[in-house]
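# Commentary on secondary and tertiary structure
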Amino acid sequence: MPAPNNNIIVSADMIPVASENEYYTIRALPGKGYGCIALRSIPRGTRILVDEPLLIVHKADYMKADIEASFFCLTPSQKEAYFTLHSGHGQPVSAWPSQIHPSVPARDRQRIEEQHAARTGPAPTLISIFQANCMEMGAGAAVFLHTSRFNHACVPNACFTWNAAIGRETIHTMRDVEEGEEITISYVDMEHDKRLRAWELKHYGFVCGCDACGDEEDEASYAYESAERRLQIQVLGRETRLLRGSRLTEGAKQPGFVNKLLKLAVLLQEEGCWDARLAGVFFDIALVCEYNVDFKMGVIAGEKAVRIKKDCQGIDFPDFKKYAEAVERIKASRRREMGEANGWRA
Ligand SMILES: C[S@@+](CC[C@H](N)C(=O)[O-])C[C@H]1O[C@@H](n2cnc3c(N)ncnc32)[C@H](O)[C@@H]1O
């Protein structure tokens, strides 16, 4: 049974209240339900929320029965809090495919039917609330009472992450946020193009109206620029993916590999994606430079990786130490190199 969630604050008339914090408040926003508005200017890299799960489902391909089983374990006040969250029900049946292909296995068919019934049904249900609010958590998904109030933007100013070391979801600002600005996160992979994003967001029951979802045909528009960048990010991602991780030393031997990673980093920054993905790209650049004995560049890239990692996930994030230790090692190599160049002996 999950631990009682002492952090739940729900006012008597059930208008949502933000977790006690100095950074944001919750307000009703036209066309979006509620959302989170900055109470003051917030610098990039600020951890604005640490949130414990309200309801956890320990599998990715959850069924209605799995949500019901988890809900059954909640306390009465947790159950009440769950039903204050936004629900994605009431969507038109005509907006969804009317048939499931006969080749779809029975369990998957049941899952699709359960989800379809929830989103097109007349009232909030356990599933329709789960669908609109759940976030990946380890091998499964969870609903968080406070994180659930953040709306989506395809170019958001904040990012969320499940931090397994502290057993909490965290939200960090990815860029400086002005007082009065809405704080947003992206519900979808920012690499995805407008069409795929629209399909994914349809499952939450809304059409995104952000600048990146504008008219991509208009060459003067932000949407055009953004689409071009995302396309290049996808291409570079594909070209470098198989040479990263455990095969990074192979990548390090390939001419032009580091330049591709650098280009990827530039594009991600231009697209406002100051998150763990960008930190990972700089980290790999640092490791490749170390392998190729370019310690000077390795230190620059490594320091960037550590800074971005800290800003978007925090120093208590599980693999932060790996980043920090690698950079210290590269710095030590650089110091030795400088010492030798100056004729010093260790
Ligand atoms: C996780 S909840 C976010 C908080 C929610 N607005 C509320 O009132 O509690 C997700 C729902 O918020 C709404 N939403 C989120 N981002 C939106 C956006 N960019 N435009 C319109 N609606 C949005 C959609 O109804 C979506 O299903």
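Residues numbered from 1 in each chain as written. Predicted model: local features only at pLDDT ≥ 70, side-chain atom pairs only at ≥ 80, totals over all residues. Heavy atoms only, no water.

Labelled according to an unreviewed UniProt entry, the protein chain appears under the name SET domain-containing protein, originating from Didymella heteroderae.

Per the secondary structure count, the protein chain includes 11 helices and 10 strands. Here the C-alpha radius of gyration of the protein chain, 23 Å, is about what a compact globule of 346 residues would show, namely 20 Å. By principal-axis analysis of the C-alpha atoms, the protein chain measures approximately 75 × 45 × 40 Å. Burial statistics for the protein chain: of 346 residues in total, 46% are counted as buried. Relative to all contacts within the protein chain whose residues are 6 or more apart in sequence, the contacts with residues 24 or more apart total 67%. If you sum the accessible surface of the protein chain, you get close to 17800 Å²; carbon and sulfur atoms cover 55% of it. Side chains of the protein chain give 42 positive and 47 negative charges; the mean places of these two sets differ by 5 Å. (Helix = DSSP H or I, 4+ residues; strand = E, 2+ residues; numbered from the N terminus. Rg over C-alpha atoms; globule rule 2.2 N^0.38 Å. Buried < 20%, exposed > 50% of the residue type's maximum accessible area, 1.4 Å probe, protein only. Contact = heavy atoms within 4.5 Å. Areas by Shrake-Rupley, 256 points an atom, 1.4 Å probe, with all protein chains shown as cover. Lys, Arg positive; Asp, Glu negative; His and termini not counted. Charge placed at Lys NZ, Arg CZ, Asp CG, Glu CD.)

Attention shifts here to the sheet that holds strand β3 (residues 47-51). The 3 strands lie next to each other as β3-β9-β8, forming an open sheet whose pairing is antiparallel. Of all strands in the sheet, those bounded by a partner on one side alone are β3 and β8 (158-163). Ignoring strand direction, the axes of neighbouring strands in this sheet form an average angle of 20 degrees. Summarising the sheet, β3 and strand β9 (residues 168-173) pair through 4 bridges and their orientation is antiparallel. (Pairing = 2+ DSSP bridges. Axes fitted to C-alpha atoms, helices over the stretch in contact; angles between N-to-C directions.)

Topologically, His 152 is positioned in strand β7 (residues 151-152). At 3.3 Å, the side chain of His 152 and the backbone nitrogen of Cys 154 are in polar contact. Dropping the residues within four chain positions of it, His 152 is found in contact with Thr 184, Ile 185, Ser 186, Tyr 187, Val 188, Leu 201, Phe 206 and Cys 208. (Polar contact = N/O pair within 3.5 Å; in protein donor to acceptor, adjacent residues only side chain to side chain.)

This brings us to the packing of helix α9 (residues 276-291) against helix α10 (residues 295-313). Each pair of packed helices can be described by the angle between their axes along with the distance between the axes. Between α9 and α10, the shortest axis-to-axis distance is 7 Å and the interhelical angle comes to 160 degrees. Of the possible angle classes, the one that applies to α9 and α10 is roughly antiparallel. Of the two possible hands of crossing, α9 and α10 adopt the one that is left-handed. Along its contact with α9, which presents Ala 276, Leu 278, Ala 279, Phe 282, Phe 283, Ile 285, Ala 286, Cys 289 and Glu 290, the element α10 presents Phe 295, Met 297, Gly 298, Ala 301, Gly 302, Lys 304, Ala 305, Ile 308, Lys 309, Cys 312 and Gln 313. Of the residues in the contact of α9 with α10, the class split is 14 nonpolar, 3 polar and 3 charged. (Parallel < 35°, antiparallel > 145°, perpendicular 65-115°, else oblique. Left-handed = near helix turned anticlockwise from the far one by under 90°. Nonpolar A, V, L, I, M, F, W, Y, C, P; charged D, E, K, R; others polar.)

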